[in-house]
Amino acid sequence: MYWLAWGFMLSIVTVFWFPTLSAYQAELMASGQPFDPVHFFQYLGEHLPLFLPTQILVPFIMLMLNAKRLQDRGVSGLFALGIFVPFLGELMPFVVGFLRSTPGPNKYGPYPNSRPMPRKK
């Protein structure tokens, strides 16, 4: 589930970014102007109204995914803030995603892939 959610978030970013980036690059090449970050963000605001919401929502969702996965390992979700640290942020999804959960329940809840047991009568 973790990797599926990461893939979904990255596909959302890809869908919103790449068409706009290619259109902006074509506009720059046609006009012969150099890249200007201020003009770039103005262009994004004009041509991609969902740019700002995705830039806020996607990192928040990624942070929550990492926090949940860390809690599955029995580690505090505060360590998920490491995704905002340079270099560690690039490694963290792989470390968090490939490590196994702790077997059985931990202080943050039941085993993540477990089903509720039926009550005995």
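Everything below is about the structure printed above this text.
Residues numbered from 1 in each chain as written. Predicted model: local features only at pLDDT ≥ 70, side-chain atom pairs only at ≥ 80, totals over all residues. Heavy atoms only, no water.

## Description of the pattern of salt bridges
If charged atoms from side chains of opposite charge come close, those side chains can pair.
Move 1: One pass over the full model with this rule turns up two salt bridges.
Move 2: D72 is paired through a salt bridge with R69; the nearest N and O atoms lie 3.9 Å apart. You can see D72 and its partner R69 sitting in helix α3 (residues 51–72), three residues apart, about one turn around the helix.
Move 3: Given the relative accessible area of 13%, R69 is considered buried.
Move 4: Salt bridges sharing common partners tie together K68, R69 and D72. (Salt bridge = Lys/Arg side-chain N within 4 Å of Asp/Glu carboxyl O. Helix = DSSP H or I, 4+ residues; strand = E, 2+ residues; numbered from the N terminus. Buried < 20%, exposed > 50% of the residue type's maximum accessible area, 1.4 Å probe, protein only.)

## Topic: helix α2 (residues 37–47)
For the α-helix, the turn length of 3.6 residues means that residues three or four positions removed from each other point alike.
Move 1: Regarding α2, the residues found buried are F40, Y43 and L44. Looking down the long axis of α2, one finds its buried residues gathered within 100 degrees of arc, a one-sided arrangement. Opposite the buried face of α2, at more than 90 degrees from it, the exposed residues are V38 and E46.
Move 2: Taken together, the buried residues of α2 touch α1 (2–31) and α3. (Arc of directions from axis to C-beta. Contact = heavy atoms within 4.5 Å.)

None of this, on its own, says anything about what the molecule does.
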